[in-house]
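# A look at the structure
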Amino acid sequence: MTVSSLGVGSGLDLQTLLENMVSVQRDTKVDAYEDRISDYESQVSAYGAIKSALETFQDSVETLNDEELFTGRTATTTQPDSGDIVSVTADEDASNGAYNISVSQLAQGSRSVSADGLFSSSDDVVSSTGGDLTFTAGDETFTVTVEAGTTLAELREQINDADENFGVSANLVDDGNGNVFLTLSSDVTGDGNDLVVTNTDESLDSVSSVATGTGSAGLSIASGEGAQDAIINVDGITINSDTNSFEDAVSGLTIKALAVSEEDSDGELETATSVIDYDTDLVQETLESFVSSYNSLMSTFDSYTDTDAILNGSSLVRGLESQLNADLMTTFSDAGDLTSIFDIGIEMDDDGTLSLDSTAFSEAMEDSYDDVVTLFTGDDGLANIMDEYLDSYTGSSGLMKDLSDAAQEAADDTEEDLENFEYRMDQYEEQLTEKFSNLDVLLASLNNSGTALLESLSSLSS
């Protein structure tokens, strides 16, 4: 006799009994495995968050350790009441001080115009035989080949569309009195860089500035329309440039002429005053970033080491926090009147949170700029001290990565152990199922035999 479902043959709840027996062997251990996996994964997350916060803090430390941070300069320019005449930028080579700048002339390119009476329509043919036109300004040049029968409008388009055109713009102007003028504007600026147009056939003399034939060239540059330098005056010294930008005419400064100075009431050119000083704003922003990232790091430490937190009691995190606090307390003997970073406006609250007093910082930067640099940079500066210490914890080979990898490996191993245990539980359940099935069959058989015996006895009694 076979039994299709446990208990059918015997009438007993063997299925519930089997499930309870498996549950007693399985559930507690599975919960323990899952708790361990969860703990390991929480450790991975915690070490990753701490590593990220450490790397952010280290980035701010490395920025403070860069001496170029403290060599930056700013240029604060006061323009005349008539409007902006120059813009000034400074690099680390600029000397601190004030410069008075006036602009007497802006750089410009040249403008050529065809002579009156040469053309009456944009459809006028410029050459019956054709030839080459070459355009030159300074070191720049390009050539267009003009076909016989080319009109003035077609020539304009050909010049503007030339692949090697270095900045010559061709236009047609109709004065409304039967005259059409060809204008050529060059963006090559600077004295001596007038646009020159030559040709290979005298039929093109009307659209050239140099004639090939015996007649006159058709293009000319009017007075005031030639290429010219920009001219500025800095503290009484006249400076020329073939563009409106003056780079390193004054060491470390880039001056751009924007407009010609107007004359003041005394007939003198108005000046702009540019004051060059250390870029203290950038230093302050960097120091504020240092303070913010330090506070964020301490907050991260606290969140993972508080009571019931996953790293509560971690000696490693406590040691790391203690060392960073000790670094902040470093005293210096080679920074003049400054003995610690707390002398430049950094403050620490009772809970260890840092802040920056901007007023005290500005005073320190004004009175002891070089000493502030000494506090942070160089082999003995605070930034280098911290950076070297943090190196052992951050990066792809740092301790935090090792701890995270170890916790992940433990989680993976425990997951594998759980899978193996679940497999053994499946085998155990199969064995119990087989035994209970045999028991059910046996009990069903006994029940049938008992029933038959009772029936026989009943018949004999009758």
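All of the points below concern the structure found in this document. Values in this document were obtained by computation on a predicted structure and should not be read as measured data.

### Re the overall build of the chain
A tally of regular secondary structure across the chain gives eight helices and 17 strands. A compact globule built from 462 residues should have a C-alpha radius of gyration of about 23 Å, whereas the chain, at 45 Å, is more than 25% larger. Burial status across the chain gives 37% buried among its 462 residues. Partitioning the intrachain contacts of the chain with sequence separation of at least 6 by distance along the chain shows that 67% fall at a separation of at least 24. Total accessible area computed for the chain in this model is approximately 24,300 Å², and 43% of it derives from carbon and sulfur atoms.

### Comments concerning the packing of aromatic side chains
Scanning the entire structure with this criterion turns up seven aromatic pairs. When the ring of Tyr-389 is compared with that of Tyr-393, the centres are 5.4 Å apart and the planes differ by 55 degrees; the resulting orientation is tilted. When its relative accessible area of 21% is taken as the criterion, Tyr-389 is described as partly exposed. With relative accessibility at 11%, the residue Tyr-393 sits in the buried group. Site record: aromatic cluster; members linked through ring pairs are Phe-57, Phe-290 and Tyr-294.

### Describing helix α6 (residues 369-376)
Those residues of α6 lying buried are Tyr-369, Val-372, Val-373, Leu-375 and Phe-376. Buried residues of α6, seen end-on, are gathered within an arc of 155 degrees and therefore sit on one face of the element. Looking at the buried residues of α6, the elements they touch are α1 (14-64), β15 (272-278), α3 (280-305), α5 (358-367) and α7 (382-391). Directly after α6, the chain includes Gly-378, whose backbone phi takes a positive value near 85 degrees.

### Notes on the environment of Ser-315
Structurally, Ser-315 can be placed in helix α4 (residues 315-328). A C-alpha to C-alpha distance of 44 Å links Ser-315 and Asn-20, two positions 295 residues apart in sequence.

### Concerning the pairing of strand β9 (residues 196-199)
Every second residue of β9 is oriented toward a common face, the buried set being Val-197 and Asn-199 and the non-buried set Val-196 and Thr-198. Looking at chain direction, strand β5 (residues 131-137) and β9 are connected through four bridges and run antiparallel. Counted as the bridge partner of Thr-136 is Val-196 from β9.

### As for the sheet that holds strand β14 (residues 253-257)
With antiparallel pairing, three strands are arranged side by side in an open sheet as β2-β14-β13. The two strands at the open ends of the sheet, each matched to only one other strand, are β2 (86-90) and β13 (245-247). When the angles between neighbouring strand axes are averaged without regard to direction, this sheet yields 15 degrees. Two elements, β2 and β14, share five bridges in a ladder whose sense is antiparallel. Residue pairing for β14: Ala-90 is matched across the bridge by Leu-253.

### Remarks on the packing of α1 against α3
It is the contact of α1 with α3, at a shortest axis distance of 9 Å, that shows an interaxial angle of 165 degrees. Judged on the interaxial angle alone, α3 and α1 are roughly antiparallel. Relative to α3, α1 is oriented so that their crossing is left-handed. Across from Ser-45, Ala-46, Ala-49, Ile-50, Ala-53, Leu-54, Thr-56, Phe-57, Ser-60, Val-61, Thr-63 and Leu-64 in α1, the residues of α3 making contact are Thr-286, Leu-287, Ser-289, Phe-290, Ser-293, Tyr-294, Leu-297, Thr-300, Phe-301 and Tyr-304. Considering only residue class, the contact of α1 with α3 consists of 14 nonpolar, eight polar and no charged.

### As for the sheet that holds strand β6 (residues 140-146)
The strand order β6-β5-β9 describes an open sheet built from three strands, whose pairing is antiparallel. Strands with a single pairing partner mark the edges of an open sheet, and in this sheet they are β6 and β9. Along the sheet, successive strands turn relative to each other by an average axial angle of 20 degrees, direction set aside. Bridging between β5 and β6 involves seven bridges; their strand directions are antiparallel. Across the sheet, the residue bridging to Leu-133 is Val-144, located in β6. Across the face of the sheet, helix α2 (residues 152-161) comes into contact with β5 and β6 while running at roughly 140 degrees to β6.

Calculation rules
Counting from 1, residues in each chain are numbered in the order their sequence is written. Whole-chain, interface and lining totals are the exception, using all residues; otherwise, since this is a predicted model, local features are given only for residues with pLDDT of at least 70 and side-chain atom pairs are given and counted only at 80 or more. Hydrogens are left out, water is left out, and the side-chain values use all remaining heavy atoms of the structure. The helix and strand labels rest on DSSP assignments: H or I over at least four residues marks a helix, E over at least two residues marks a strand, and numbering proceeds from the N terminus. The quantity called the radius of gyration is restricted to C-alpha atoms. Its globule counterpart is 2.2 Å times the number of residues to the power 0.38. Whether a residue is buried, partly exposed or exposed follows from its accessible area with a 1.4 Å probe, protein chains only, as a fraction of its type maximum: under 20%, in between, or over 50%, in that order. Here, residues are in contact when the closest pair of their heavy atoms is within 4.5 Å. All accessibility values rest on the Shrake-Rupley procedure with a 1.4 Å probe; residue burial counts only the protein chains present in the view. Between rings of Phe, Tyr and Trp, where Trp is taken as its six-membered ring, a pair exists when centres lie within 6.5 Å; planes separated by under 30 degrees are stacked, by over 60 edge-to-face, and by other angles tilted. Directions drawn from the helix axis to the C-beta atoms are what define this arc. A pair of strands is considered paired only if DSSP assigns at least 2 bridges between the two. Axis angles are defined between N-to-C directions and span 0 to 180 degrees, where every axis is a line fitted to C-alpha atoms and, for a helix, only to the segment in contact. Here the word oblique covers every angle except those under 35 degrees (roughly parallel), over 145 (roughly antiparallel) and from 65 to 115 (roughly perpendicular). In this scheme the crossing of two helices becomes right-handed for a clockwise turn of the near helix relative to the far one and left-handed for an anticlockwise turn of less than a right angle. Three classes are used: nonpolar for Ala, Val, Leu, Ile, Met, Phe, Trp, Tyr, Cys and Pro, charged for Asp, Glu, Lys and Arg, and polar for all others, with Gly counted as polar.

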